[in-house]
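These are the residues of each chain, in order.
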Amino acid sequence: QLQLQESGPGLVKPSETLSLTCTVSGGSISSSSYYWGWIRQPPGKGLEWIGSISYNGRTYYNPSLKSRVTISVDTSKNQFSLKLNSVTAADTAVHYCARRSLVVSAFDYWGQGTLVTVSS
Amino acid sequence: QSALTQPASVSGSLGQSITISCTGTSSDVGGYNYVSWYQQHPGKAPKLMIYDVSKRPSGVSNRFSGSKSGNTASLTISGLQAEDEADYYCSSYTSSTTWVFGGGTKVTVL
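## Some remarks on the packing of aromatic side chains
Applying the stated criterion across every chain, the model contains 15 aromatic pairs over all chains. A ring pair is formed by Phe107(A) and Phe101(B), whose centres lie 6.3 Å apart and whose planes are at 25 degrees; its orientation type is stacked. Of this pair, Phe107(A) sits in strand E10 (residues 106-110) while Phe101(B) sits in strand E8 (residues 99-101), on two different chains. Across the pair, Phe101(B) and Phe107(A) agree in class, each one buried. Judged by centre distance (6.0 Å) and plane angle (55 degrees), the ring pair of Tyr38(B) and Phe101(B) falls under tilted.

Spelled out as structure tokens, the structure:
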């Protein structure tokens, strides 16, 4: 059974960089059939797609976040990562990593989510 | 990109049917058959319920169905049950090769 697990600091100071890693188990991140993505959800609000990456590093980003986001993949560790720089309180959210299947064309597996709070 | 438009809340009695709408534009919902729906219970990760407008993943009840007309997609839940009370989000692929979500709909079972 495929599992995704987010990890990283739960507290980040304003103007600094938010860094999270998603570890994939029960399957290979190197398959060409999938993209791997990050989605966030501010407390009490809706979902926002941050961006996605393929196994070979092709990336797609939300235009509203593109200038601050970097998503990368490490196939040797079966992980992919998110970096969001120059964070503010508005970036406080539960961050989910998820798999997007090219066959299903949707996010079919999700991590449990991790809350990142931006505060001094 | 703008979020897809969903009603903030929808309610129905046990056993009834409800429909949640999701309105976008010709650059997202209307332009592609890549609309999906997610169910989210409080404190939990979203769960895929419908993909490619009307297809159900294995294990999802056939009480859930999806459709699309023009720039508006819909999720129908028939035979409403207590465990269907949750937040529901639609999502669509866009012409900018990005993904966009709806604002979410809170379903209440009366």
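## As for the side chain of Glu6(A)
Tracing the backbone through its elements, the reader meets Glu6(A) in strand E1 (residues 3-7). One buried charge, Glu6(A), has no salt-bridge partner; the nearest side chain with opposite charge is Lys44(B), at 13 Å. One polar contact links the side chain of Glu6(A) to the main-chain amide nitrogen of Cys97(A), over a distance of 3.0 Å. Engagement of the side chain of Glu6(A) in a polar contact is seen with the backbone nitrogen of Gly113(A), the distance being 3.0 Å.

## Quick word on the interface of chain A and chain B
Listed by partner, the interface residues are 22 residues for chain A and 17 residues for chain B. A buried area of about 1600 Å², summed over both sides, lies between chain A and chain B, and 65% of it is on carbon and sulfur atoms. It is Leu47(A), Trp49(A) and Ser105(A) that lose the most area in chain A upon contact with chain B, and together they represent 31% of the buried surface on that side. Here chain A and chain B share 0 salt bridges between them. Inspection of the region where chain A meets chain B yields 6 residue pairs in polar contact (both at pLDDT 80 or more). Where the side of chain A that touches chain B is concerned, the elements lending two or more residues are strand E4 (34-41), strand E5 (48-54), strand E6 (59-61), strand E9 (93-101) and E10 of chain A. Of the residues forming the side of chain A that touches chain B, the biggest block, 4 residues, is contributed by E10(A).

Conventions used here
All chains use their own residue numbering, which begins from 1 and follows the written sequence. Labels are handed out in written order, letters beginning with A for the chains and numbers beginning with 1 for the ligands. Two thresholds apply to this predicted model, a pLDDT of at least 70 for residue-level local features and 80 or more for giving and counting side-chain atom pairs, whereas whole-chain, interface and lining totals are computed over all residues. Hydrogens and water are ignored here; the side-chain numbers use all heavy atoms of the structure. Note on ring pairs: Phe, Tyr and Trp rings are taken, using the six-membered ring of Trp, and paired if centres are within 6.5 Å. Classes follow the plane angle, with under 30 degrees stacked, over 60 edge-to-face and the rest tilted. Secondary structure elements follow DSSP: runs of H or I of four or more residues count as helices, runs of E of two or more count as strands, with numbering from the N terminus. Note on classification: 1.4 Å probe, protein chains only; a residue is buried when its accessible area is under 20% of the maximum for its type, exposed when over 50%, partly exposed between these limits. Residues counted as positive are Lys and Arg, residues counted as negative are Asp and Glu, and His and the chain ends are not counted. Counted as salt bridges are all cases of a side-chain nitrogen of Lys or Arg within 4 Å of a carboxyl oxygen of Asp or Glu. Pairing of N or O atoms within 3.5 Å defines a polar contact, subject to two protein rules: one partner must be a possible hydrogen donor and the other a possible acceptor, and residues neighboring in sequence count only if both atoms are side-chain atoms. The contact criterion used is simple: two residues touch if any of their non-hydrogen atoms lie within 4.5 Å. Once two parts are brought into contact, the accessible area they lose, counted with a 1.4 Å probe and summed over both, makes up the buried area.

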